[in-house]
Amino acid sequence: MEEIQEVKEVLDSQTEEETKQTETEESQAQTEAETQEVEESEENTDEDTKETKQEDKPKKQTADERKRFAEMRRAKEAKEREEAIKKAKQEGIIEGLGGINPYTSEKIEDDIDYELYQEMKDAESKGYNPNDLSDMRKYRKEVRQAELVEQRKKSESQSNAQKDIDDFIKNNPDVDIKTLLSDKDFLEFAEGMLGNVSLGVVYWKYQNYKNMATAKAEALATEEKARRISSVGSLGNGEDNKGTYSLEDITKMSREEIEKNYDKVVNSYFDKK
């Protein structure tokens, strides 16, 4: 689902910018409000001392604000868990090494020492001598080149994702793209297609799929309804004018049919009495 994640990252970056702008506007508005409050307080000092100052009531959060804060809290908690796991893993490795970098025979005292150990270990795994300066320069150059290639690919991918989103919004103004990308059914259907096929085409295929599934379900429901009507109707051959069943009809009915037509069966029984 990497392609879907890229689309979400583009949307999240847009949301983050909107949030920052909103926070800036709110901050400015709050500053202006505080300034006005101070001025009013100075003008009405005598009057304020005579009245009991009421505490400001906390501002009630909107549904969107609560949702945004909840998402921020979950993201923060997830990051904290990730950092805790990373730290525990690092401490375990250092403990396993006896606190000493085997390549330098020096004590691992902080994160920088640990990162140096990891770098030398990775260099060795790729065929370089971690204690040879020339080899380490070649290793670092290789790592840097790989990073640049990855950054370029990511940039191109995000650019394509942004264009795809813009085209989709333009051609489907009635569709909320954030809601769409939160739809589990859509995500399951789109897996493996996004990134290879435009979002607009994937959405079109998804709508066709849903329409076909709905049509099939309606056809089955209609067929089942017709079957039941036919089944009940066949019992009607032995009914009298009052719409009751004959004793023969009742004896041939299944338990399910009797339960379904219980009142009519009871009326038929007493009529026969």
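Preceding this section is the structure that the text describes.
Residues numbered from 1 in each chain as written. Predicted model: local features only at pLDDT ≥ 70, side-chain atom pairs only at ≥ 80, totals over all residues. Heavy atoms only, no water.

Colleague: Would you mind showing me how to read the nonpolar core here?
Modeller: Inside soluble globular proteins, nonpolar side chains tend to come together where they are buried. Residues Phe168, Ile177, Phe186, Leu199 and Val202 are the most contacted members of the largest nonpolar core, which totals 14 residues. Taken together, the elements giving at least two residues each to this core come down to helix 5 (133-171), helix 6 (177-180), helix 7 (184-190) and helix 8 (199-235). The element contributing the most residues to this core is helix 8, with 4 residues. Judged by nonpolar contacts, the second largest core, of 6 residues, contains Ile94, Tyr114, Tyr117 and Met120. (Core = buried A, V, L, I, M, F, W, Y, C linked by side-chain atoms within 4.5 Å. Buried < 20%, exposed > 50% of the residue type's maximum accessible area, 1.4 Å probe, protein only. Helix = DSSP H or I, 4+ residues; strand = E, 2+ residues; numbered from the N terminus.)

Colleague: Sorry, what's going on with helix 5 here?
Modeller: The α-helix advances 3.6 residues per turn, and as a result positions three or four apart in sequence lie on the same side. The terminal C-alpha atoms of helix 5, which comprises 39 residues, lie 57 Å apart, in line with the 57 Å expected from a rise of 1.5 Å per residue. Listed in full, the buried residues belonging to helix 5 are Asp135, Met136, Tyr139, Ser157, Ala161, Asp164, Ile165 and Phe168. Measuring from the backbone nitrogen of serine 134 back to the side-chain oxygen at the start of helix 5 gives 3.1 Å, which picks out aspartate 132 as the cap. (Expected span 1.5 Å × (residues − 1). Polar contact = N/O pair within 3.5 Å; in protein donor to acceptor, adjacent residues only side chain to side chain.)

Colleague: I would appreciate a short explanation of the pattern of salt bridges in the present structure.
Modeller: Should their charged atoms come close, side chains of opposite charge can pair. As enumerated under the stated definition, the model contains 5 salt bridges in all. The partner of lysine 87 in a salt bridge is glutamate 91, and the shortest N-O contact between them spans 3.5 Å. Of this pair, lysine 87 and glutamate 91 both sit in helix 3 (residues 63-96), separated by 4 residues, roughly a single helical turn. Given a relative accessible area of 53%, lysine 87 falls into the exposed group. (Salt bridge = Lys/Arg side-chain N within 4 Å of Asp/Glu carboxyl O.)

Colleague: How should the packing of aromatic side chains be read in this particular structure?
Modeller: Each aromatic ring pair is summarised here by two numbers: the centre-to-centre distance and the angle between the ring planes. Inspection of the entire model under this criterion finds 7 aromatic pairs. Judged by centre distance (5.4 Å) and plane angle (90°), the rings of phenylalanine 168 and tyrosine 203 are edge-to-face. You can see phenylalanine 168 sitting in helix 5 and its partner tyrosine 203 sitting in helix 8, a full 35 residues away along the chain. Here phenylalanine 168 falls in the buried class, since its relative accessible area comes to 2%. Among the aromatic residues, those joined into a cluster by ring pairs are Phe186, Phe189, Tyr206 and Tyr209. The aromatic ring of phenylalanine 69 is capped on one face by arginine 68, whose charged end is 5.2 Å from the ring centroid. (Phe/Tyr/Trp six-rings, centres within 6.5 Å; stacked < 30°, edge-to-face > 60°. Lys NZ or Arg CZ within 6 Å of the ring centre and 35° of its normal.)

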